[in-house]
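# Inside the fold
Listed below, chain by chain, are the residues.
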Amino acid sequence: MSGTYLGMPAFPKAAHEAVHNTTLRGNLRHATHTIRAKRAAAVAEVSDWAALRDAGKQIKDHTLRHLDRYLVQLEEAVTAAGGTVHWAADADEANRIVTYLVKATGESEVVKVKSMATQEIGLNEALEAEGIHAYETDLAELIVQLGKDRPSHILVPAIHRNRGEIRDIFAREMGEWGRPAPEGLTDTPAELADAARLHLREKFLRAKVGVSGANFMVAETGTLVVVESEGNGRMCLTLPETLISVVGIEKIVPTWQDLEVFLQTLPRSSTAERMNPYTSTWTGTTAEDGPQTFHLVLIDNGRTDTLADEVGRQALRCIRCSACLNVCPVYERAGGHAYGSVYPGPIGAILSPQLRGTGSEIDASLPYASSLCGACYEVCPVAIDIPEVLVHLRERVVQGGPVTEQGNKVVLKPAKGHAAERAAMRAARWAFSHPGALRTGQRLASRTRRFHPRTLPGPGKAWSASRDLPALPAEPFRDWWQRTNGGRTNDGGTTGGGTTGRGSTGRGSTGGGTTGGRTTGSTNGGKDTGK
Amino acid sequence: MSSRDLILGRVRRALADVPRDDTPYQQAVQRDYLREHGGRSVAETVELLAENLADYRAIVHRCADEELPELLTRLLAGRGSQTVLVPPGLPPYWLKAVDAARVHDRATSTAHELDRVDSVVTACALAIAETGTIVLDGSPDQGRRRITLVPDHHICVVRVPEQVVSSVPQALELLDPTRPLTWISGPSATSDIELDRVEGVHGPRTLEVVLVTGSGG
Ligand code: SF4
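Just so we're clear, the structure is a prediction, and the values are computed from it rather than from any experiment. (Residues numbered from 1 in each chain as written. Chains lettered and ligands numbered in written order. Predicted model: local features only at pLDDT ≥ 70, side-chain atom pairs only at ≥ 80, totals over all residues. Heavy atoms only, no water.)

For chain A, the count of helices and strands is 23 helices and 12 strands. The 531 residues of chain A split such that 64% are buried. Taking the intrachain contacts of chain A between residues at least 6 apart in sequence as the baseline, contacts between residues at least 24 apart amount to 74%. (Helix = DSSP H or I, 4+ residues; strand = E, 2+ residues; numbered from the N terminus. Buried < 20%, exposed > 50% of the residue type's maximum accessible area, 1.4 Å probe, protein only. Contact = heavy atoms within 4.5 Å.)

This is the structure we're talking about:
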């Protein structure tokens with residue numbers, strides 16, 4: 001139940017509604033295209049990207065293959081450093097633990113750092129039911145919370161809102177939650193950010209309990225890492241007396257050194273920055289500096305079931321950079337809400353049905369929320385083969401078969417009403433076992449675009465009937481990558497201010513428009529990535 | 001059964017396909033990525049740090065060690081700062097010419113007290129040229145994490161070239177994970193509203209970095 005938005009229609013219906021919302025589509029298009037171009041430039045700046053990507057994949061794969069050992073090591077290290085480790089098998093248990101820990105402090109308010117894990121388990125709602133107010137402190141999450149809304153993007157959760165809508169939400173709602181918005185608030189981003197600063201500062205300064213996620217946990221040292229931009233993370237991690245971090249068991253890396261890979265790939269993949277403005281690491285507690293009580297709540301909530309699937313387990317490598325969202329033609333049209341889970345876009349299409357099982361209509365439909373164009377795989381900094389997992393999950397939906405649910409092996413029945421998809425599956429499977437044919441097919445597809453049908457035949461019909469088919473990219477990413485040597489050849493395809501790469505002096509500024517108020521290059525300003 | 005045992009049991013069953021003699025960690029990860037990007041002289045590395053800091057909207061100054069007291073005085077006066085937070089181990093001569101009232105970094109200070117302070121001056125553990133990042137590790141010349149967070153103006157002094165490394169891998173080698181670390185790349189920023197970059201939401205809205213040469217203490 002946790003994580004599924006109640007009353008959420010299946011993907012085709014939700015996508016149908018989203019594509020008819022022109023404001024939403026406009027906002028999304030602008031955002032995904034902007035981030036996409038900047039990211040390509042930021043990645044092109046490091047010449048060893050492919051090696052970093054391989055290392056990231058290998059570290060995560062190795063960790064997952066020995067997860068039991070690393071979890072035990074982490075627990076020992078955190079405990080030795082003065083923290084307390086709790087284990088939660090599912091969302092309810094995690095919520096019970098956090099509620100209990102907050103109540104034990106005697107407080108009825110907590111400040112929160114953006115965290116996908118706590119969204120996944122529905123922590124805010126669970127706390128609210130027990131009379132504890134959880135305040136989201138990330139600017140975008142604040143917008144979402146005040147707007148009584150759902151996040152729609154991992155990195156920029158309020159990407160579906162424009163400045164006018166945000167102004168209205170602030171003016172209307174801030175007073176209900178604390179310090180009201182200033183009189184005569186305009187819709188300039190600087191003024192809106194300032195209103196948020198004042199509103200939230202009041203909460204930070206009096207907060208006694210902070211709740212966070214983590215981007216990484218280091219088994220060897222017991223260190224947790226949070227990567228962010230605004231400083232709200234630092235506020236929540238250092239001002240309260242008690243810190244409770246809720247983290248999925250897959251967020252482990254074995255050693256301190258491993259961070260050198262992810263602290264290079266995550267910022268560039270997510271916000272197109274060389275480095276995000278703030279990274280915080282902490283190991284247990286430190287005398288007289290920061291929270292003196294630290295709890296780590298490790299959550300399973302479907303992760304071990306995902307781990308049991310030898311094809312699907314690679315989804316657990318995800319570092320939540322959101323790069324795959326920004327290149328996905330389906331996400332761009334449908335928006336994050338259509339996926340009906342906290343994990344939107346291509347990663348959501350493979351992660352949610354694995355964490356929750358494919359029992360519900362929305363989860364059974366998610367593996368179909370893709371055009372299998374492969375762009376998500378190409379950008380993924382840990383090389384998750386999302387199309388491969390999508391095909392695998394489609395097969396599971398259509399044909400049934402053995403899966404693990406809550407630790408037990410069960411055999412799924414084929415889904416009703418999906419018989420027609422079996423034929424499509426067989427075709428897709430053939431393509432995936434013949435990679436040459438797949439690549440040719442994709443290239444052909446983009447070259448013959450104008451002959452493409454407006455709706456999909458067969459099983460895809462119901463879905464595409466409600467929307468335009470996603471435009472195929474003018475050139476498949478794979479081809480672009482090969483042609484331009486990963487964007488290092490300046491073909492104008494990387495945009496974002498003409499990346500030049502590091503020259504002999506080692507300098508390779510992107511864009512570099514740093515004189516005026518706004519950069520034109522690589523500094524996207526960024527956000528904390530989803531924990 | 002405890003949830004711990006339940007989860008660890010599930011993990012072990014899920015990994016039934018992994019052989020006992022699976023490739024060990026040391027061999028499982030190929031680290032053929034670069035330790036630093038491009039060859040640079042020491043001076044070029046410092047130059048790159050300055051450029052990348054500026055690219056992320058930090059205000060960069062340079063001076064010789066003996067000019068530092070005068071420069072810090074000028075920077076604080078320029079902002080009209082009446083009060084300045086001082087970590088316990090900050091070299092006293094840095095602020096010898098400063099008029100602003102010293103506020104000491106104490107465990108007992110409340111967040112509201114820190115919020116009334118105009119500026120903070122700290123040293124750093126190291127700086128990373130390729131990413132334009134300064135790293136603080138809570139040493140006595142840097143103080144508690146919160147003092148570089150709550151005041152709106154942070155001046156950080158970096159000794160060059162001694163404290164500058166080229167890359168993230170080189171930085172991690174030198175940093176101590178048992179200390180709480182804060183990596184700072186430019187001032188606080190957000191792009192949450194239509195992806196327009198706005199500096200300063202919660203952290204200091206102004207970050208000034210002083211690259212000081214020839215420091216002996
Ligand atoms: S699947 Fe890959 S690209 Fe997508 S969010 Fe996860 S790490 Fe990033």
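Regarding its fold elements, chain B presents six helices and 12 strands. Against the compact-globule benchmark of 17 Å for 217 residues, chain B has a radius of gyration of 21 Å, which places it well outside the compact range. Residue burial in chain B is summarised as follows: out of 217 residues, 62% are buried. Taking as baseline every contact in chain B between residues at least 6 positions apart, the subset at least 24 positions apart corresponds to 73%. Summed over its atoms, the accessible surface of chain B is roughly 8,400 Å², and 50% of this surface lies on carbon and sulfur atoms. (Rg over C-alpha atoms; globule rule 2.2 N^0.38 Å. Areas by Shrake-Rupley, 256 points an atom, 1.4 Å probe, with all protein chains shown as cover.)

Now for the pairing of strand β10 (residues 293-299) of chain A. Residue and element names in this part refer to chain A. Judged by how many residues are buried, β10 sits mostly within the fold: six of seven residues are covered. As defined by bridge partners, strand β7 (residues 242-248) adjoins β10 across seven bridges and the pair is classed as parallel. Residue pairing for β10: V246 is matched across the bridge by V297. (Pairing = 2+ DSSP bridges.)

Our next topic: the environment of L67 of chain A. Position of L67 of chain A among the secondary structure elements: in helix α4 (residues 67-80). Sequence separation between L67 of chain A and R303 of chain A is 236 residues, and the spatial gap between their C-alpha atoms is 11 Å. For L67 of chain A, the contacting residues outside a window of four places in its chain are I249 and L307 of chain A together with V11 and L15 of chain B.

Tallying each qualifying case throughout the model produces 42 salt bridges over all chains. For R274 of chain A, the salt bridge is made with D55 of chain B, and the minimal N-O distance between the two is 2.9 Å. Within this pair, whereas R274 of chain A is found in the loop between α12 (259-270) and β9 (278-283), its partner D55 of chain B is found in helix α3 (residues 42-55), the two belonging to separate chains. Its relative accessible area of 2% is what places R274 of chain A among the buried residues. Here R356 of chain A makes a salt bridge to D363 of chain A, at a shortest N to O gap of 2.6 Å. D363 of chain A sits in the buried class, given a relative accessible area of 2%. (Salt bridge = Lys/Arg side-chain N within 4 Å of Asp/Glu carboxyl O.)

With that settled, consider empty space enclosed by the protein. Residues and elements named next belong to chain A. All told, the structure shown has nine cavities of 30 Å³ or more when counted by the stated rule. There is about 100 Å³ of room inside the largest cavity. Split into classes, the residues belonging to the lining of the largest cavity amount to 12 nonpolar, one polar and one charged. The computed volume of the second largest cavity comes to approximately 80 Å³. Lining the second largest cavity are 15 residues; nearest its centre among them are C328, P346, S370, C373 and C376. (1 Å grid on protein atoms, 1.4 Å probe; cavity = no way out; pocket = protein on both sides within 12 Å on 5 of 7 lines; lining within 4 Å. Points joined across faces, edges and corners; volume = space filled by probe spheres on them. Nonpolar A, V, L, I, M, F, W, Y, C, P; charged D, E, K, R; others polar.)

For the rest of this paragraph, the subject is the sheet that holds strand β6 (residues 223-228) of chain A. The eight strands lie next to each other as β8(A)-β5(A)-β6(A)-β9(A)-β9(B)-β6(B)-β5(B)-β8(B), forming an open sheet whose pairing is mixed. The open sheet has two free edges, formed respectively by β8 (252-253) of chain A together with β8 (164-165) of chain B, since each of these has just one partner strand. Each of β5 (216-218), β6, β8 and β9 of chain A together with β9 (181-184) of chain B is contacted by α12 of chain A, which is oriented at about 170 degrees to β5 of chain A, the strand it contacts most. (Axes fitted to C-alpha atoms, helices over the stretch in contact; angles between N-to-C directions.)

This part covers the side chain of H199 of chain A. Residues and elements named next belong to chain A. Mapped onto the elements, H199 comes out in helix α10 (residues 189-206). Looking at H199, the relative accessible area reads 2%, which means it is buried. Excluding residues that lie within four positions of it along the chain, H199 makes contacts with L142, M174, W177, G178 and R179.

Residue and element names in this part refer to chain A. Given a rise of 1.5 Å per residue, 12 residues ought to cover 16 Å, and the 16 Å separating the end C-alpha atoms of α12 matches this to within 8%. Most of α12 sits inside the fold, with 12 of its 12 residues counted as buried. Looking only at α12, the buried set comprises L259, E260, V261, F262, L263, Q264, T265, L266, P267, R268, S269 and S270. The positive-phi residue at the C-terminal boundary of α12 is A272, with phi of around 60 degrees. (Expected span 1.5 Å × (residues − 1).)

Moving on: the packing of helix α9 (residues 163-177) of chain A against α10 of chain A. Residue and element names in this part refer to chain A. Close contact between α9 and α10 brings their axes to 11 Å; oriented N to C, the two are set at 20 degrees. Comparing their axes, α10 and α9 come out roughly parallel. For the element pair α9 and α10, the recorded crossing hand is left-handed. Along the contact surface, α9 presents R163, I166, R167, F170, M174 and W177, while α10 presents P189, L192, A195, A196, H199 and K203. Of the residues belonging to the contact of α9 with α10, the class tally is eight nonpolar, one polar and three charged. (Parallel < 35°, antiparallel > 145°, perpendicular 65-115°, else oblique. Left-handed = near helix turned anticlockwise from the far one by under 90°.)

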